[in-house]
Amino acid sequence: MRCDTLWKDARLATMADGGMGVVEQGVVAARDGAIIYAGPANDAPAFDAAESIGCDGRWITPGLIDCHTHLIHAGNRAQEFEMRLDGASYEDIARAGGGIVSTMRATRGASEDELVATALPRLDALLAEGVTTVEVKSGYGLDTASEIRMLRAARRLGAERRVRIATTFLGAHALPPEYAGDPDAYIATIVDTMLPEIARLGLADAVDAFCEGIGFTAEQTAHVFEAAKQAGLPVKLHAEQLSNQHGAALAAQYGALSADHLEYLGDDGVAAMAKAGTVATLLPGAYYFMRETKLPPVDALRAAGVPIALATDCNPGTSPLTSLLLVMNMGATLFRLTVAECLAGVTRNAAGALGLADRIGTLEAGKRCDLAIWDVERPAELVYRMGLNPLHARIWSGR
C-alpha cells in the first residue's frame, strides 16, 4: 500500500474507542495529509512509503487541541492583576471600567496587522507544545467593524502558521460603553446587524456568549442563539463561571457544542448537557488565576457521561496562559482528573467541543494526520511534569 510518510517503531496513544488506545509497538501511515493506518505494527499492511521515519520508541498522540482561547486581543491587564492581589474582585474590576471593556478599548485601537503580530507569539507558544488546532474567539471589539477585524486576524493566523484555526463570534461578551444601561439594544444590534454580516462573510465557525450576572441574561443569550440558528452556525456558551444562571441547560436546548467554565453548574445543567451531547470544557487556568474555590462538578459530569474537555482560556484578564501541557497538570491537580481524562480533554473531547470529532482528535484512519511525538517513557509524564516541554516533533496534516 502506498503512503507518503510512515512513522514506525513508535508507541501510540490513539485516544480512540473512548480510552487511551495504547499500542506498544505501533506505526502511523499517512497519505495526502490523512491517516490511512494507525495501530499495531504486526497488523499493518505492507507499506510502500515515500518517507519512513523511525521514532525510536517515542510516544505518538494526536496533535493537541486548544478548544477555548481569546488569542486575538491588544494590550494586557497586568495592572488589574495587581488590583486583584490587593483584594479587588473580578466584578469590582469590571464595574470600575476594567475587565473586558479595558481590552476592548485597546483592541478597537489596533489594526488587523497589529492584532496578528501580537497574537503570533501566543500562538507559537501553543504550537511549540504540540498543538495543531486552536479555537479563537472575537469579543473584544464589541462593534461590527472591530469584531470583523478580530475574526479576520484570527483567520490569518492559519495562513501565517501551519495550524487549524476555528473561529468563534463572541459579540455577546460584554456591554460596550455606548450601550451602557441598555443591554437589550446591544443584543438587538448583535442579532440584526453583527451576526448576519459575520455569517455572510464566512468569518465564524460558531457563536458564543457570556451568560452571567455581569454578562448577559439567559433570555438575551437565547436571542443570540436564535440568530445563530437562523445563520446555520452552531453555538457554545460561557456558563456558570461565577454563579448559576442555568446557561448550560439553555445551551443544551440549542444543541450547543460545549458549555465552558461550569464551576457553578447544577444538576439540571449536567442532565441537560448529557442529553444533548454537549461537551463540558473546563478551564483550570482561569480557576487558578482567579483563586476560585468552587470546583466544577466533575463527579456529576463523569456519572452522567458528559465528555470533558480542557483548554487554556488564553485571555489577558483571567487566564494569560499559553501552555496546554500546564492545563493538563492543573486539570489533574486542581480538578482531580485522571491522566486519561486529561489527555482526552485536549484531544478527542476538545475536537468534539469544536464540532470536529469526525476530522481530528484521535489516531484513526480517515482523520487528518495531526501528530505530536513525545520524548517520554509514559503518557502520564505529559500531565505530571510542570515547566518541561518534551515535544520531539509536531506534524500537521501529514507534514
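What you see is a predicted model, and the numbers here were worked out from it, not measured in a lab.

Trainee: Can you explain the nonpolar core? Please cite residues and give values.
Mentor: Of all hydrophobic cores here, the largest spans 90 residues; its most connected members are Ile72, Val134, Leu157, Phe169 and Leu262. Setting aside its immediate chain neighbours within four residues, Val134 contacts Asp66, Thr69, Leu71, Leu123, Leu126, Val163, Arg164, Ile165 and Ala166.

Trainee: Give a detailed account of unusual backbone geometry, specifying residues and quantitative values.
Mentor: Here Asp32, not a glycine, exhibits a phi torsion of approximately 55 degrees, which is positive. When you line up the elements, Asp32 lands in the loop between β2 (22–31) and β3 (34–40). When its relative accessible area of 59% is taken as the criterion, Asp32 is described as exposed. Not every positive phi belongs to a glycine, and Asp313 is a case in point at roughly 55 degrees. Tracing the chain through its elements places Asp313 in the loop between β13 (308–310) and α12 (324–335).

Trainee: Quick one: what's the story with the packing of helix α4 (residues 112–127) against helix α5 (residues 144–160), residue by residue and with numbers?
Mentor: Between two packed helices, the angle of one axis relative to the other and the distance separating the axes together describe the packing. Remark: α4 packs on α5, axes separated minimally by 9 Å, with the N-to-C direction vectors making an angle of 50 degrees. Taken as axis vectors, α4 and α5 run oblique relative to one another. As α4 packs across α5, the resulting crossing turns out to be right-handed. In contact with Glu112, Asp113, Leu115, Val116, Ala119, Leu120 and Leu123 of α4, α5 contributes Arg149, Met150, Arg152, Ala153, Arg156, Leu157 and Glu160.

Trainee: With reference to specific residues and values, describe the UniProt feature "binding site: 4-imidazolone-5-propanoate" (unreviewed entry) in the protein chain.
Mentor: As recorded in UniProt, the feature "binding site: 4-imidazolone-5-propanoate" (unreviewed entry) lies at Arg77, Tyr140, His173, Gln241 and Thr318. The topology assignment puts Arg77 in the loop between β6 (64–66) and α1 (78–85). The exposure class assigned to Arg77 is buried, which follows from its relative accessible area of 6%. Leave out the neighbours within four places in its chain, and Arg77 touches Gly99, Ile100, Ser102, Thr103, Pro316 and Gly317. Judged by relative accessible area, which is 2%, Tyr140 ranks as buried. Among all residues touching Tyr140, those that are not within four sequence positions of it are His70, Ile72, His73, Ile100, Thr103, Met104, Thr107, Glu147, Met150, His173, Asn315 and Pro316.

Trainee: I'd like a rundown of the packing of aromatic side chains, residues and numbers included.
Mentor: Each aromatic ring pair is summarised here by two numbers: the centre-to-centre distance and the angle between the ring planes. The final tally for this structure, using the stated rule, is six aromatic pairs. When the centroid spacing of 5.1 Å and the interplanar angle of 25 degrees are considered together, the rings of Phe81 and Phe289 count as stacked. Here the residue Phe81 occupies a position in helix α1, and Phe289 occupies one in helix α10 (residues 284–289), the gap between them amounting to 208 residues. Seen in terms of ring centroids, Phe225 and Tyr254 are 5.4 Å apart; in terms of plane orientation they differ by 70 degrees. Their pairing is edge-to-face. Here Tyr254 lies in the loop between α8 (247–253) and β11 (258–261) and Phe225 lies in helix α7 (residues 218–231), a separation of 29 residues in the sequence.

Trainee: Could you give me a rundown of the pairing of strand β8 (residues 164–172), with the residues and numbers involved?
Mentor: Extensive coverage of β8 is indicated by the burial of nine of its nine residues. Note that strand β7 (residues 131–137) and β8 share five bridges and pair parallel. Within β8, the position partnered with Thr133 by the bridge is Arg164. Summarising the sheet, β8 and strand β9 (residues 206–211) pair through three bridges and their orientation is parallel. Looking across to β9, one finds that Phe169 is bridged to Val207.

Trainee: How would you sum up the packing of helix α6 (residues 183–201) against α7? Please name residues and give values.
Mentor: Running from amino to carboxyl end, α6 crosses α7 at an angle of 15 degrees, the nearest separation of the two axes being 10 Å. Classified by the angle between their axes, α6 and α7 sit roughly parallel to one another. Note that α6 runs across α7; the crossing there is right-handed. Counting all contacts with α6, which are made through Pro183, Asp184, Ile187, Ile190, Val191, Leu195 and Ala199, the residues of α7 involved are Gln220, His223, Val224, Ala227, Ala228 and Ala231. Considered class by class, the residues forming the contact of α6 with α7 number 10 nonpolar, two polar and one charged.

Trainee: Could you give an account of the UniProt feature "binding site: Fe(3+)" (unreviewed entry) in the protein chain, with specific residues and numbers?
Mentor: Here, the residues flagged by UniProt with the feature "binding site: Fe(3+)" (unreviewed entry) are His68, His70, His238 and Asp313. The greatest C-alpha distance among the annotated residues, which extend across 246 residues, is 12.3 Å, indicating that they converge on a single site. A distance of 3.1 Å separates the side chain of His238 from the side chain of Asp208, its partner in a polar contact. The class for Asp313 is buried, based on a relative accessible area of 1%. Beyond its immediate sequence surroundings of up to four residues, Asp313 is in contact with His68, Thr69, His70, His261, Leu283, Ala286, Thr318 and Ser319. In terms of polar contacts, Asp313 uses its side chain to reach the side chain of His70, at 3.3 Å.

Trainee: I'd love a proper account of the sheet that holds β7, names of residues and values included.
Mentor: Ordered in space as β6-β7-β8-β9-β10-β11-β12-β13, the eight strands form an open sheet in which the pairing is parallel. In this open sheet, the two strands that pair with only one neighbour each are β6 and β13. Neighbour-to-neighbour, the strand axes of this sheet turn through a mean angle of 25 degrees, independent of strand direction. Where β6 meets β7, three bridges bridge the pair, whose relative direction is parallel. From the neighbouring strand, Asp66 faces β7, where its bridge partner is Val134. Against the sheet, α7 makes contact with β8, β9 and β10 (236–239), and its axis sits at roughly 175 degrees relative to β9, the strand it touches most.

Trainee: Please provide a residue-by-residue account of the pattern of salt bridges, values included.
Mentor: Under the counting rule described, the total for this entry stands at 20 salt bridges. Between Glu364 and Lys367 there is a salt bridge, with the nearest N and O atoms lying 3.4 Å from each other. Linked through salt bridges whose partners overlap, the residues forming this network are Glu135, Lys137, Asp208 and Lys236.

Trainee: Tell me what's going on with the environment of Phe225, and back it up with residues and numbers.
Mentor: Given the relative accessible area of 1%, Phe225 is considered buried. For the pair Phe225 and Leu237, spaced 12 residues apart in sequence, the C-alpha to C-alpha distance is 9.7 Å. Residue contacts for Phe225: discarding those within four places in its chain leaves Val235, Lys236, Leu237, Ala251 and Tyr254.

Rules used in this analysis
- Residues numbered from 1 in each chain as written.
- Predicted model: local features only at pLDDT ≥ 70, side-chain atom pairs only at ≥ 80, totals over all residues.
- Heavy atoms only, no water.
- Core = buried A, V, L, I, M, F, W, Y, C linked by side-chain atoms within 4.5 Å.
- Buried < 20%, exposed > 50% of the residue type's maximum accessible area, 1.4 Å probe, protein only.
- Contact = heavy atoms within 4.5 Å.
- Helix = DSSP H or I, 4+ residues; strand = E, 2+ residues; numbered from the N terminus.
- Axes fitted to C-alpha atoms, helices over the stretch in contact; angles between N-to-C directions.
- Parallel < 35°, antiparallel > 145°, perpendicular 65-115°, else oblique.
- Left-handed = near helix turned anticlockwise from the far one by under 90°.
- UniProt positions renumbered as here; feature names shortened; annotations may be inferred.
- Phe/Tyr/Trp six-rings, centres within 6.5 Å; stacked < 30°, edge-to-face > 60°.
- Pairing = 2+ DSSP bridges.
- Nonpolar A, V, L, I, M, F, W, Y, C, P; charged D, E, K, R; others polar.
- Polar contact = N/O pair within 3.5 Å; in protein donor to acceptor, adjacent residues only side chain to side chain.
- Salt bridge = Lys/Arg side-chain N within 4 Å of Asp/Glu carboxyl O.

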